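Examination of the molecular architecture
Take a look at the letters that make up each chain.
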Amino acid sequence: MTHSTTSTYPPVIGKPPGPVTGSPGPTATPPARRRVRAWLGAFVFTVPALALFGLLVLVPMGYAFYVSFFNWGGFGAPSDSVGFANYTRLLDDPVFLGDLWRGFLLIVFSIVLQLPFALAMAVLLNQRLRGRAVYRMLFFAPYVLSEVITGVLFGMIFAPDDGLADKLLGSIGLDGVGGLWFAGQNTVLPTLFLVMTWKYFGFHMMLYLAGLQGIPAELHEAARIDGAGAWQRFRHITLPLLAPTLRISVFLSVIGAIQLFDLVWVISAGGPDHHSETMVISMFQYGFKRYQMGYASAISVAMFLISLVFALAYQRFVLRRDTEGAITSMRANR
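Residues numbered from 1 in each chain as written. Predicted model: local features only at pLDDT ≥ 70, side-chain atom pairs only at ≥ 80, totals over all residues. Heavy atoms only, no water.

**Some words on the overall build of the protein chain**
Along the protein chain, the regular secondary structure elements total 13 helices and zero strands. Burial status across the protein chain gives 33% buried among its 334 residues. The long-range fraction of contacts in the protein chain, counting pairs at least 24 apart against all pairs at least 6 apart in sequence, stands at 63%. Carbon and sulfur atoms provide 68% of the accessible area of the protein chain, an area that totals close to 21700 Å². (Helix = DSSP H or I, 4+ residues; strand = E, 2+ residues; numbered from the N terminus. Buried < 20%, exposed > 50% of the residue type's maximum accessible area, 1.4 Å probe, protein only. Contact = heavy atoms within 4.5 Å. Areas by Shrake-Rupley, 256 points an atom, 1.4 Å probe, with all protein chains shown as cover.)

What follows is the structure in structure tokens.
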């Protein structure tokens, strides 16, 4: 009888792998090379935009600054250099000084009257009202209209004696309230501001509506449960959380008042007797009506410096918290 014996061997544990054969895997790109590639890609895509910006913005600005040192009528090459005479003339020009004062008045009227009215309408239309979408569309519609159409429309409405405004006032026995409107020296600026408010308040109202819809409803609900009234909730919750939107709205309103042109030009062309004139209208009048391109260029440079100084100061002292918060958020998301 034969017995077969089988021998068992312990399992091999931790056997080292054999030699690696084949091609090696892809090597990681060094971080420095990745950064260089990212910068090159960004540069290639931004070159067209930078070229257009330089050609359409920087070059005309530089040429206007250059022309402002000449007594030039706009034909041929500038040759009659006058140094800073055009800039010293600005300080003695009653028309330009009046433009500064009227621009300041429009800015004050916008901040004190137009923006609070837009905020009140935004708060009202943020409530649960029937047909509020229709009201939002109606109030925003004037902003969609072009300034030329708006100017022609209100030029007919406020036409002296024959306009719709005078006829409506006469129909209710207020004949003496109507008058010259855009044709009177004392009435042209208030009437113009009324048209500006009708035209632009819808834009600011939509800004405020967007900001209001970003405020959590739970905050108002909690304040209501704690016994806070409507004014207390508006003062302590709505206004603080809406402050960044308000600051941007004020900035846009001020810059828009400084650069106001087409609406005023269509309605009154700066008259009567410069009482509705703005800096841009003065620049246009001197440059393309009187052919004093050197002085008109000086006005444009002064307007640019005013806007630049205001923008830098506003960003430094008013928008500082907003910009710092945005930069911090961007760094945290990297």
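**So, the side chain of H220**
Along the chain, H220 turns up in helix α8 (residues 217–225). Residue contacts for H220: discarding those within four places in its chain leaves I215, R233, I237 and T238.

**Here's the deal with the environment of T191**
Tracing the sequence through the fold places T191 in helix α7 (residues 188–213). Under the relative-accessibility criterion, T191 is labelled buried at 6%. If sequence neighbours within four positions are ignored, T191 has contacts with F158, W181 and F182.

**A short note on unusual backbone geometry**
A cis amide bond links G271 with the next residue in sequence, P272, at an omega value of -5 degrees. Look at D273: it is not a glycine, yet its phi comes out positive at around 55 degrees. Tracing the backbone through its elements, the reader meets D273 in the loop between α10 (262–267) and α11 (279–289). A relative accessible area of 53% places D273 in the exposed class. One non-glycine residue, H274, adopts positive backbone phi at about 70 degrees. By secondary structure assignment, the location of H274 is in the loop between α10 and α11.

**Some details on the packing of helix α4 (residues 132–144) against α7**
The N-to-C vectors of α4 and α7 enclose an angle of 130 degrees; their axes lie 6 Å apart at closest approach. Between α4 and α7, the angle falls in the class oblique. For the pair α4 and α7, the sense of crossing is left-handed. Of α7, the residues touching α4 (which contributes R136, F139, F140, P142 and Y143) are W198, K199, Y200, F201, G202, F203, M205, M206, L209 and Q213. When grouped by side-chain class, the residues that make up the contact of α4 with α7 number eleven nonpolar, two polar and two charged. (Axes fitted to C-alpha atoms, helices over the stretch in contact; angles between N-to-C directions. Parallel < 35°, antiparallel > 145°, perpendicular 65-115°, else oblique. Left-handed = near helix turned anticlockwise from the far one by under 90°. Nonpolar A, V, L, I, M, F, W, Y, C, P; charged D, E, K, R; others polar.)

**A short note on the confidence of the model for the protein chain**
The predicted model of the protein chain has a mean per-residue pLDDT of 86, with 87% of residues at 70 or higher. The weakest mean pLDDT in the protein chain belongs to helix α13 (residues 320–332) at 60; the strongest belongs to helix α12 (residues 293–317) at 94. Confidence drops under pLDDT 50 across residues 1–7; counting only partners more than four residues distant or on other chains, this segment forms zero contacts. (pLDDT = per-residue confidence, 0-100.)

**Re helix α2 (residues 85–92)**
Since the α-helix turns once every 3.6 residues, residues separated by three or four places project in the same direction. Within α2, burial applies to N86, Y87 and L90. In a view along the axis of α2, the buried residues occupy a sector of 100 degrees, so they form one face of it. Facing away from the buried surface of α2 by more than 90 degrees, the exposed residues are L91 and D92. Contacts made by the buried residues of α2 are with α1 (31–67), α3 (94–125) and α12. (Arc of directions from axis to C-beta.)

**Considering the pattern of salt bridges**
On inspection of all chains with the given rule, the structure shows four salt bridges. With a closest N to O distance of 2.7 Å, D99 and R102 form a salt bridge. Residue D99 and its partner R102 are located together in helix α3, separated by three residues, close to a single helical turn. When the shortest N-O distance is used, the salt bridge between D162 and K167 registers 3.6 Å. (Salt bridge = Lys/Arg side-chain N within 4 Å of Asp/Glu carboxyl O.)

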